Amino acid sequence: MSFADRVLRHRAAALLLSLSLLVVPTSRTARAEAAFSLDAAEFEKKTWSNGGFAEIKWEHMDVRQGSALALLNMYDDPQADWDQLSGSLQLNGAYAKGIAQLHWLLNATGQEDTFGWRDRAEVYETYLNLAPASGTTASVGKKSYKWGKGYAWNPVGFINRTKDPNNPEEALEGFITSDLEIIRSFSGDLQNIALTTALLPVWQGVNEDFGAADNLNLAAKLYLLYLNTDIDFIVYSGNSRTTRFGGDFSRNLTTNFEIHGELAYIPTVDRVALDEQGRRMCQSGSATSSLIGIRYLTEFDLTSIIEYYHNGLGYTDEEMDRFYRRIAVGGEQWTLTGNDALLQQMQQLASQGYSRPNPGRDYLYARFSLKEPFDLLYFTPAATFIVNLDDQSFSATPELTYTGITNWELQLRFSLLNGDPSTEFGEKQNSNKLELRIRSFF
Amino acid sequence: MKTTLFAGTASLFLLFFNLSSALAVDGAAILQQVDRKMQPESYEMYRKLINVEPDGKSKEFVLYTVKKGQDKMVALFLSPASEKGRATLRLNENMWLYIPNVGKPIRITSLQSVVGGVFNNADILRLDFSVEYSVQQASEEGDHYLLVLKAKNATVAYDGLKMVVDKATLLPKTIECYAASGMLIKTLRYDKIKDFGGGIVSPSVLETDSPLYKGYKSVMITAKIQKRDFADEVFTLNYLSKVDELR
């Protein structure tokens, strides 16, 4: 290479370097400008919309040795602990044309645990909405109802699926219904009024898990925003379940303090329990359930949700104790004779009420979440406590959620279940659970 | 002679006093003009919120917002995917958040933030200033007015505001937000005045930082705003799951 060539190459390199120095800041500026701008056309409404999330969850549970539910669920294959790895996919979307919109919500889960592989796929919702005017909507299809103001429990949710108080914000499967909603607004003390009426059929293959078959049931909710208070009056009538009435309210007392409540009354309802001799009996009577709660935000961004729940259909301490004692007897029979008939009876009884997430009478729920402590954006530590007030057993669940990566959510959670023998949380299958969940939204 | 001199002086004083009264700054009128120049009474709007961390990392949210009259407002999250479908409703001092999975609106407070960062719910669902604040003091300083505002009641997010308004455009340049204790909560800075069409000329960028979040800042960019009327029923809890149908 000649000297002139070398000089030329050096000059070319210098020129490229200079250009790159010019270009790099320019492109950085361009990127910054792009980030600090918004093209509204990009977000114009499309006929189709799709979204959802994919999730991976790992759980480790330590089994409470000798507890009633560990015995009931694992008598033929006892475990000291178990692990579960699951993957879920939830898809939601809508197709809109004119006054019609078709909505769907699908959920599928596959899980591998100590007991093997299980999977399921469910249509949570698929319904057609017709909105001829902004104040009138009719819908038909499978739809999930979330009536009631309570965060952890909803005694007035007469056509709701029962939610898990440990995960009250998760989507739930709906029922096949047809509903009509009429909304009107006014100026004055009564600002809004909305009437929702839903027809819920129970036929062979349609909503069979709701109640008795071959019935058409009606549920209605009248909502009022009156004097800055949300008020609902709810009624359910039909033969699949007995008639029931309810009401709820919610109101902000100050900018950082909200109060809510629910009251449900069922004039006649059958309730399956064990009598003093440990025999299955069906009692008929009325039941009143209620909930009162608050939501409070401190100056340092600590949100507290506290709820008291009285479950009129719940089991007393004595009834729960009979159930646990019968399981113990069943366990002895199984050990001595290999006969599991009593345990199977108890499993059936469990599915009829005793194994509900919270089968007792009186509960206290408290959740405290601190948003972004120590200036750590997108970190939310929280702790949830559920206390059975009748037997003083409890679950305590501290958790940490991180949402700093766009469209990703990481959650680490540990649950401790504790109580004396013959108490609800003392007789649960697990003594604790560690859970790591990663969700990617799209 | 003395009497005539006194009478003349008194007349001059009275004339000057009347003149200065006439020229005194009418803060309430300025505030109302600021409101109308900032945004029409009823509109639809697309905007982006950006939370910037001290290390430069940022998180963005895109919102579709509709407002009617003085006290009705709804904001729907269009992006990111993790927040899509969430909607917030404000009816005067009442605020609710609708999360699609939860399926029912829950009451929230003006001091909370549905997006994290420095903006709180009151910043995102801001009503006209004159609806929530009254002018306590107004003065003229060079090329701007300084308005000292006081919250009309305890439900308003900030107890007091100090607003610097550009005399020529009657648009705010900066707003300092104070708690009842007198503590500065945050400073809002308006920038990049843009002609959105339909007679709407207002700042397209709002930047905020706070001594409570040292090193962090949040930016709100308005891309599109246009006058549009909506039925009152749009601003109800039952409609929150259907806000997207308005677009």
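Residues numbered from 1 in each chain as written. Chains lettered and ligands numbered in written order. Predicted model: local features only at pLDDT ≥ 70, side-chain atom pairs only at ≥ 80, totals over all residues. Heavy atoms only, no water.

Looking only at helices and strands, one finds 4 helices and 18 strands in chain A. Relative to a compact globule of 442 residues, whose C-alpha radius of gyration would be 22 Å, chain A shows 28 Å and is clearly more extended. Residue burial in chain A is summarised as follows: out of 442 residues, 47% are buried. A separation of at least 24 residues holds for 54% of the contacts in chain A among residues at least 6 apart in sequence. Where the 39 positive side-chain charges of chain A centre and where its 55 negative ones centre are 6 Å apart. (Helix = DSSP H or I, 4+ residues; strand = E, 2+ residues; numbered from the N terminus. Rg over C-alpha atoms; globule rule 2.2 N^0.38 Å. Buried < 20%, exposed > 50% of the residue type's maximum accessible area, 1.4 Å probe, protein only. Contact = heavy atoms within 4.5 Å. Lys, Arg positive; Asp, Glu negative; His and termini not counted. Charge placed at Lys NZ, Arg CZ, Asp CG, Glu CD.)

For chain B, the count of helices and strands is 4 helices and 13 strands. Taken over the C-alpha atoms alone, chain B extends approximately 90 × 45 × 35 Å along its principal axes. Each of the 247 residues in chain B was classed as buried or not, and the buried ones make up 55%. Across chain B, every contact between residues at least 6 apart in sequence was considered, and the portion connecting residues at least 24 apart equals 47%.

Residues and elements named next belong to chain A. By the secondary structure assignment, serine 393 is in the loop between β15 (379–388) and β16 (394–402). Linking serine 393 and serine 49, residues 344 residues apart in sequence, is a C-alpha distance of 46 Å. Those residues in contact with serine 393 that sit more than four places away from it in its chain are Ile386, Val387, Asn388, Asn418, Gly419, Thr423, Glu424, Phe425 and Gly426. Here aspartate 391 takes part through its side chain, which lies 2.7 Å from a polar atom of the side chain of serine 393. (Polar contact = N/O pair within 3.5 Å; in protein donor to acceptor, adjacent residues only side chain to side chain.)

Let us look at the interface of chain A and chain B. You'll often see interface size given as the accessible area lost when the parts meet. On the side of chain B, 63 residues touch chain A, which itself brings 66 residues to the contact. Buried surface at the junction of chain A and chain B, both sides included, amounts to about 5200 Å², of which 51% is carbon and sulfur. In this assembly, chain A and chain B are joined by 3 salt bridges. Put simply, chain A and chain B have 21 residue pairs in polar contact (both at pLDDT 80 or more) between them. For the side of chain A that touches chain B, the residue count by class is 21 nonpolar, 27 polar and 18 charged. (Buried area = accessible area lost by both parts, 1.4 Å probe. Salt bridge = Lys/Arg side-chain N within 4 Å of Asp/Glu carboxyl O. Nonpolar A, V, L, I, M, F, W, Y, C, P; charged D, E, K, R; others polar.)

With the exception of glycine, the majority of residues adopt a negative phi angle, and the majority of peptide bonds are in the trans configuration. The linkage connecting serine 79 of chain B with the following residue, proline 80 of chain B, adopts the cis geometry, with an omega of 0 degrees. Relative to the helices and strands, proline 80 of chain B resides in the loop between β3 (72–79) and β4 (87–91). With a phi angle near 50 degrees, leucine 227 of chain A is a residue other than glycine that sits in the positive phi range. Although it is not a glycine, asparagine 92 of chain B sits at a positive phi angle of roughly 55 degrees. A relative accessible area of 32% places asparagine 92 of chain B in the partly exposed class.

Looking now at the side chain of threonine 303 of chain A. Mapping threonine 303 of chain A onto the fold places it in strand β13 (residues 302–310). Look at threonine 303 of chain A and you get buried, because its relative accessible area is 12%. Filtering out sequence-adjacent residues up to four positions away, threonine 303 of chain A remains in contact with Arg295, Tyr296, Leu297, Arg367, Phe368 and Ser369 of chain A together with Gln112 of chain B.

The subject of this paragraph is helix α4 (residues 341–354) of chain A. A turn of α-helix holds 3.6 residues, and therefore any two residues three or four places apart point the same way. Residues and elements named next belong to chain A. For α4, the full list of buried residues reads Leu342, Leu343, Met346, Leu349, Ala350, Gly353 and Tyr354. Projected down its long axis, α4 shows its buried positions confined to an angular sector of 115 degrees, all on one face. Where α4 is buried, its residues touch α2 (68–74), β11 (257–274), β12 (280–297) and α3 (317–337). (Arc of directions from axis to C-beta.)

For chain A, mean pLDDT is 89; residues scoring 70 or higher make up 92% of the total. Residue range residues 6–32 of chain A is modelled with pLDDT below 50. Its contacts to residues more than four positions away, or to other chains, number 3 contacts. (pLDDT = per-residue confidence, 0-100.)

Turning next to the nonpolar core. Across soluble globular proteins, nonpolar side chains show a tendency to be buried alongside one another. In this structure, Leu49, Phe129, Leu161, Met163, Val165 and Ile175 of chain B are the most contacted members of the largest nonpolar core, which totals 48 residues. By size, the runner-up hydrophobic cluster in this structure holds 28 residues, among which are Ala40 of chain A together with Ala87, Val234 and Leu240 of chain B. (Core = buried A, V, L, I, M, F, W, Y, C linked by side-chain atoms within 4.5 Å.)

Moving on, we come to the environment of alanine 152 of chain A. Residues and elements named next belong to chain A. Tracing the chain through its elements places alanine 152 in the loop between β5 (136–143) and β6 (175–185). Expressed as a C-alpha distance, the spacing of alanine 152 and isoleucine 438, which sit 286 residues apart in the sequence, is 23 Å. With residues up to four places along the chain from it excluded, the contact list for alanine 152 reads Lys163, Pro165, Glu307 and Tyr365.

Our focus in this paragraph is the pattern of salt bridges. Taken as a whole and assessed by the stated rule, the structure comprises 38 salt bridges over all chains. Lysine 224 of chain B is the partner of glutamate 44 of chain A in a salt bridge, and the nearest nitrogen-oxygen pair spans 2.9 Å. Of this pair, glutamate 44 of chain A sits in the loop between α1 (3–35) and β1 (48–63) while lysine 224 of chain B sits in strand β13 (residues 213–227), placing the two residues on different chains. Given the relative accessible area of 33%, glutamate 44 of chain A is considered partly exposed. By relative accessible area, lysine 224 of chain B is classed as partly exposed at 24%. Glutamate 55 of chain A is the salt-bridge partner of arginine 439 of chain A, the closest N and O atoms lying 2.7 Å from each other. Of the two residues, arginine 439 of chain A is situated in strand β18 (residues 430–441) and glutamate 55 of chain A in strand β1; the sequence distance between them amounts to 384 residues. The pair arginine 439 of chain A / glutamate 55 of chain A is uniform in exposure class, with both members buried. Each of Glu55, Glu170, Glu409, Arg437 and Arg439 of chain A takes part in salt bridges that share partners, so that together they form one network.

To continue, consider helix α2 (residues 27–38) of chain B. All names here are of chain B. Over its 12 residues, α2 extends 16 Å from the first C-alpha to the last, a length consistent with the 16 Å expected when each residue adds 1.5 Å. Inspection of α2 places Gly27, Ile30, Leu31, Val34, Asp35 and Met38 among the buried residues, and these make up the whole buried set. With its buried residues spanning 140 degrees around the axis, α2 presents them on a single face. (Expected span 1.5 Å × (residues − 1).)

A few words on the packing of aromatic side chains. The description of an aromatic ring pair uses the distance of the two centres, along with the angle that the planes make with each other. Residues and elements named next belong to chain A. Per the stated rule, a full pass over the model turns up 21 aromatic pairs over all chains. Plain terms: the ring middles of tryptophan 82 and phenylalanine 115 are 5.4 Å apart, the flat faces sit at 65 degrees to each other, and that makes the pair edge-to-face. Of this pair, tryptophan 82 sits in strand β2 (residues 81–97) while phenylalanine 115 sits in the loop between β3 (100–113) and β4 (116–133), placing them 33 residues apart in sequence. Tryptophan 82 sits in the buried class, given a relative accessible area of 9%. Of the residues examined, phenylalanine 115 reaches a relative accessible area of 39% and is grouped as partly exposed. Summarising the aromatic geometry, the rings of tryptophan 153 and tyrosine 365 are spaced 5.9 Å apart at their centres and angled 80 degrees between planes, so their arrangement reads as edge-to-face. Pair noted here: tryptophan 153 is in the loop between β5 and β6 and tyrosine 365 is in strand β14 (residues 362–370), with a separation of 212 residues, a long-range link. (Phe/Tyr/Trp six-rings, centres within 6.5 Å; stacked < 30°, edge-to-face > 60°.)

As a general feature of sheets, a regular strand has side chains that alternate between the two faces. Residues and elements named next belong to chain A. Of the two faces of strand β17 (residues 408–418), the one holding Glu409, Gln411, Arg413, Ser415 and Leu417 is buried and the one holding Trp408, Leu410, Leu412, Phe414, Leu416 and Asn418 is not buried anywhere. Examined bridge by bridge, β16 and β17 share 7 bridges and lie antiparallel to one another. Bridge assignment links alanine 396 to a residue of β17, and that residue is leucine 416. The antiparallel pairing of β16 with β17 creates a hairpin that spans 5 residues between the two strands, and asparagine 407 there sits at a positive phi of about 70 degrees. (Pairing = 2+ DSSP bridges.)

On to the packing of α3 of chain A against α4 of chain A, then. All names here are of chain A. Taken N-terminus to C-terminus, the directions of α3 and α4 make an angle of 155 degrees; their axes are 8 Å apart at the nearest point. Overall, the two elements α3 and α4 adopt an arrangement that is roughly antiparallel. In the packing of α3 onto α4, the handedness of the crossing is left-handed. In contact with Glu319, Met320, Phe323, Arg326, Ile327, Val329, Gly330, Gly331, Gln333 and Trp334 of α3, α4 contributes Leu342, Leu343, Met346, Leu349, Ala350 and Tyr354. Per-class residue counts for the contact of α3 with α4 are 11 nonpolar, 3 polar and 2 charged. (Axes fitted to C-alpha atoms, helices over the stretch in contact; angles between N-to-C directions. Parallel < 35°, antiparallel > 145°, perpendicular 65-115°, else oblique. Left-handed = near helix turned anticlockwise from the far one by under 90°.)

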